[in-house]
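Secondary and tertiary structure notes
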Amino acid sequence: MIKFSVVVPLYNCEKYISECIDSILNQQYEDFELLVVNDGSTDSSREIVADYNDSRIRIIDKENGGLLHARLTGLQEAKNDYIVFVDADDRIRPNLLKELERHFSNGMDCAIYKLQEFSLEGKKEEPKGIFQDETIFEGSDREILLKILLTSGEINSIVCKAFRKSLIPIEEMTSYPRIAIGEDGLFTLHLFRNFNKLIYLDTVYYEYRQSSQSMTHKLKFSNYTDNVFRFNLYYDVARGVFKEGFDEIVDGIDKVYFKMTISTLIKPRLYFESKSDY
């Protein structure tokens, strides 16, 4: 039987945490635990979660250490083999776990699904898929997914992926520094290096809240150093994986690196079309 651990990192999200928790507790598939990792919240977020009377909820308190290490704490504490990450201001569709159970029972150890962005006013953006149809990837196909991750950034998000816990090298990642930007890509990097059988589902199961307070909207010099750490890992992986076409992969990483660095330092989500624009 497939059992899930749903991990929600929580830091000062009193406005939206109930909406998030409700979307998880209302799943059509009930065999899961909900781990809320309270990352040193100073508002009423923790109290709101504690008021829920549901035995599936566990609250884990820790000192503030950032999103990366909050998620890793959830992985360390997870009792079940399959992991779903949900951010505290987002929500999931009621059939997500039911659909994941079906695919994991058929031998998948990782799944990717579409997310849909919505604004504070409730306006929903048209979701963009990575592939046009449901697609299955074997371990021998990992270079396809790694190339997309390393050279485009279009497949970074970890909240639209569910996976077997053993795919993540938890001990290795706990040694990573605290980073505030790009940590999704680090989780995804390990998933793509380690999966045996992965399915892409061309269906929306996750709803992502656009927020002006999001990490990706804040200008900090530390965001630049976060990019340095992340992209150094990308280069190392490219050296180890791509025996052919290595120069093409490195050139692609260079372009994304420049794009992310410039947009981080000048204006969040500012994208350029060519190197001459930089």
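Before reading further, recall that the structure is shown in the block above.
Report follows, based on the coordinates. (Residues numbered from 1 in each chain as written. Predicted model: local features only at pLDDT ≥ 70, side-chain atom pairs only at ≥ 80, totals over all residues. Heavy atoms only, no water.)

**Considering helix H1 (residues 17–25)**
Threshold: Each residue gets one of three labels from its accessible area relative to the maximum for its type: buried under 20%, exposed over 50%, partly exposed in between, using a 1.4 Å probe on protein chains only. Only runs of H or I of at least four residues qualify as helices and only runs of E of at least two qualify as strands under DSSP, and these elements are numbered from the N terminus. By the convention used here, residues are in contact when the closest approach between their heavy atoms is within 4.5 Å.
What H1 keeps buried is the set Ile-17, Cys-20, Ile-21, Ser-23, Ile-24 and Leu-25. Lining the buried residues of H1 we find strand E1 (4–10), strand E2 (32–39), helix H2 (45–50), strand E3 (57–62) and strand E5 (91–92).

**Thoughts on the packing of helix H3 (residues 67–77) against helix H7 (residues 183–194)**
Describing two packed helices takes the angle between their axes plus the distance from one axis to the other. For clarity, the cut-off: Lines fitted to C-alpha atoms define the axes, with helix axes restricted to the stretch in contact, and inter-axis angles between N-to-C directions lie between 0 and 180 degrees. Should an angle lie under 35 degrees it is considered roughly parallel, over 145 roughly antiparallel, and from 65 to 115 roughly perpendicular; all remaining angles are considered oblique. In this scheme, a crossing is called left-handed if the near helix is turned counterclockwise away from the far one by less than a right angle; it is called right-handed if the turn is clockwise. In the scheme used here, Gly and all other residues not listed as nonpolar or charged are polar, with Ala, Val, Leu, Ile, Met, Phe, Trp, Tyr, Cys and Pro taken as nonpolar and Asp, Glu, Lys and Arg as charged.
Running from amino to carboxyl end, H3 crosses H7 at an angle of 40°, the nearest separation of the two axes being 9 Å. Between H3 and H7, the angle is such that the two are oblique. You can see that H3 and H7 cross each other, and the crossing is right-handed. Along the contact surface, H3 presents Leu-67, Leu-68, Arg-71, Leu-72 and Leu-75, while H7 presents Glu-183, Asp-184 and Phe-187. Residues that form the contact of H3 with H7 fall into these classes: 5 nonpolar, no polar and 3 charged.

**Description of helix H4 (residues 96–105)**
Note the cut-off: What the arc covers is the set of directions going from the helix axis to the C-beta atoms.
Residues of H4 that are buried: Leu-96, Leu-97, Glu-99, Leu-100, His-103 and Phe-104. Down the axis of H4, the sector holding all buried residues measures 160°, keeping them to one side. Within two residues after H4, Gly-107 carries a phi angle of roughly 100°, on the positive side.

**Observations regarding the pattern of salt bridges**
Side chains bearing opposite charge may pair, as long as their charged atoms lie close to each other. Using the following cut-off: Salt bridge, as applied in this entry: a Lys or Arg side-chain nitrogen positioned within 4 Å of an Asp or Glu carboxyl oxygen.
One pass over the full model with this rule turns up 18 salt bridges. Here Glu-33 and Arg-58 are joined by a salt bridge, their closest N and O atoms 2.9 Å apart. You can see Glu-33 sitting in strand E2 and its partner Arg-58 sitting in strand E3, a full 25 residues away along the chain. Asp-39 serves as the salt-bridge partner of Lys-62, at 2.9 Å between the closest nitrogen and oxygen. Linking Lys-62 in strand E3 with Asp-39 in strand E2, this pair joins segments that are 23 residues apart in sequence. Look at the salt bridges and you will find they share partners, linking Glu-19, Arg-91, Arg-93, Lys-124, Glu-207 and Arg-209 into a network.

**Notes on the nonpolar core**
What counts here: We call a set of buried Ala, Val, Leu, Ile, Met, Phe, Trp, Tyr and Cys residues a nonpolar core when their side-chain atoms join them within 4.5 Å.
One finds Phe-4, Leu-34, Val-84, Leu-100, Tyr-113 and Phe-163 to be the most contacted residues of the largest nonpolar core, which totals 88 residues. The residues contacting Phe-163, other than those within four sequence positions of it, are Leu-75, Asp-81, Tyr-82, Ile-83, Phe-85, Phe-104, Asp-109, Cys-110, Ile-158, Ile-168 and Leu-191.

**Some points on the side chain of Asp-109**
To keep it simple, the criterion reads: We treat Lys and Arg as the positive residues and Asp and Glu as the negative residues; His and chain ends play no part in the count.
Structurally, the position occupied by Asp-109 is in the loop between H4 and strand E6 (110–118). This buried residue, Asp-109, is left without a salt bridge; Arg-164 holds the nearest opposite charge, at 5.2 Å. Beyond its immediate sequence surroundings of up to four residues, Asp-109 is in contact with Phe-104, Ala-162, Phe-163, Arg-164, Leu-167, Phe-195, Asn-196, Lys-197 and Leu-198.

**Description of the packing of aromatic side chains**
Quick reminder of the rule: Pairing of aromatic rings covers Phe, Tyr and the six-membered ring of Trp, with a centre-to-centre limit of 6.5 Å; geometry is then stacked below 30 degrees between planes, edge-to-face above 60, and tilted otherwise. Charges are assigned to positions over rings by a cutoff of 6 Å between ring centre and Lys NZ or Arg CZ, combined with an angular limit of 35 degrees from the ring normal.
This structure, assessed with the given rule, holds 13 aromatic pairs. Between Phe-131 and Phe-137, the ring centres sit 5.3 Å apart and the planes meet at 45°, which makes this aromatic pair tilted. Here Phe-131 falls in the partly exposed class, since its relative accessible area comes to 21%. One aromatic cluster is present, built from ring pairs that chain together Phe-4, Tyr-29, Tyr-82 and Phe-104. Lying over the aromatic face of Phe-118, Arg-91 brings its terminal NZ or CZ to 3.9 Å of the ring centre. The lysine or arginine in question, Arg-142, covers the ring of Phe-195, its NZ or CZ lying 4.9 Å from the ring centre.

**Notes on the packing of helix H5 (residues 142–152) against H7**
The N-to-C vectors of H5 and H7 enclose an angle of 165°; their axes lie 9 Å apart at closest approach. Here H5 is positioned roughly antiparallel relative to H7, judged by the angle of their axes. By crossing handedness, the relation of H5 to H7 is classed as left-handed. On H7, the residues touching Arg-142, Leu-145, Leu-146, Leu-149 and Leu-150 of H5 are Gly-185, Thr-188, Leu-189, Phe-192, Arg-193 and Asn-194.

**A word on the environment of Ser-152**
Stated precisely, the cut-off is as follows: Pairs of N or O atoms within 3.5 Å make up the polar contacts considered here, provided that, within protein, one atom can donate a hydrogen while the other can accept it, and that residues adjacent in sequence are counted only when both atoms are side-chain atoms.
Considering the arrangement of structural elements, one finds Ser-152 in helix H5. Those residues in contact with Ser-152 that lie beyond four places of it in its chain are Lys-147 and Val-256. Within the local environment of Ser-152, its side chain forms a polar contact with the backbone oxygen of Ile-148, the two atoms lying 2.5 Å apart.

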